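Here are the chains, one letter per residue:
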Amino acid sequence: MPFGLIDAQFISFLVAITLLSISPGVDTLLVIRNTARGGIRDGITTSIAICCGLFVHATISALGISLILLQSAWAFHMLKLVGAGYLIWLGITSLLAARRGQPLPVSGVLNGAATVSRWQPVKEGFLSNVLNPKTVVFYMAFLPQFIAPSDPALLKSLWLAGVHFVIANIWQIGVVLMVGSASKWIASARFAQTLNAATGAVLVVFGIRLALTQRPV
């Protein structure tokens, strides 16, 4: 292989991206809404469309990483430290949300039965991801943690986005299948609190670990 698709950092990436995929957010809410509105087909279509947007963000991120590497190895190191801090901030945010004990804001979403165009969930899913500035900021901060200066940034970013695509779809399609039979559970405060507490704690620890192990290239 020309570069390490599965290297020493890959397990860490899998853990982090799985936790981030299952933490409550806009993508999960959109999948729930569209499933309730148009059924399982629309829910799965929405999930796939959302995750296709990840490749757009990965490409933008890789171009930014490449430019930083051309400027300075030290700047790349600083970017990785900023990314570790961002993970810690995401974790703290999740822990605070768990402390408030708020349910996912899906009340009124699980009772719809509208008929929409077959392409509506595609458009909604893809655009909601691609036009979300938080996602590209996240990718710029997150992906450098798992890309070595010797790796081709674009290829490695697209590979990691592909892994994220699979993990996120497994979770979101699981949500689609749960919506009909477990809508009350999904909308409960306990469900959101458990997800937020678990992901928040691990993200904080993970971010601290990354920050402490960073070394200038």
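Everything below is about the structure shown above.
Residues numbered from 1 in each chain as written. Predicted model: local features only at pLDDT ≥ 70, side-chain atom pairs only at ≥ 80, totals over all residues. Heavy atoms only, no water.

A. Molecular detail of helix α5 (residues 120-130). All of the buried residues along α5 are Pro 121, Glu 124, Gly 125 and Asn 129. Looking straight down α5, one finds that the buried residues subtend no more than 115° of arc, so they occupy a single side. (Buried < 20%, exposed > 50% of the residue type's maximum accessible area, 1.4 Å probe, protein only. Helix = DSSP H or I, 4+ residues; strand = E, 2+ residues; numbered from the N terminus. Arc of directions from axis to C-beta.)

B. Examining the nonpolar core more closely. Residues Phe 13, Tyr 139, Phe 142 and Leu 143 are the most contacted members of the largest nonpolar core, which totals 24 residues. Mapped onto this core, the elements with two or more residues apiece are α1 (10-22), α3 (40-71), α6 (133-142), α7 (153-186) and α8 (189-213). No other element matches α7, which puts 6 residues into this core. If near-sequence neighbours (up to four positions away) are discounted, Leu 143 is found in contact with Phe 13, Ala 58, Ser 61, Ile 65, Ser 157 and Leu 160. (Core = buried A, V, L, I, M, F, W, Y, C linked by side-chain atoms within 4.5 Å. Contact = heavy atoms within 4.5 Å.)

C. Focus on the pattern of salt bridges. The tally for this structure, following the rule as stated, stands at 2 salt bridges. Note that Arg 41 and Asp 42 form a salt bridge whose closest N and O atoms lie 3.1 Å from each other. Look at Asp 42 and you get buried, because its relative accessible area is 2%. Here Lys 156 makes a salt bridge to Asp 151, at a shortest N to O gap of 3.0 Å. (Salt bridge = Lys/Arg side-chain N within 4 Å of Asp/Glu carboxyl O.)

D. Quick look at the side chain of Lys 156. Looking at the element boundaries, Lys 156 is found in helix α7. Here Phe 146 takes part through its backbone oxygen, which lies 3.2 Å from a polar atom of the side chain of Lys 156. A distance of 3.0 Å separates the side chain of Lys 156 from the side chain of Asp 151, its partner in a polar contact. (Polar contact = N/O pair within 3.5 Å; in protein donor to acceptor, adjacent residues only side chain to side chain.)

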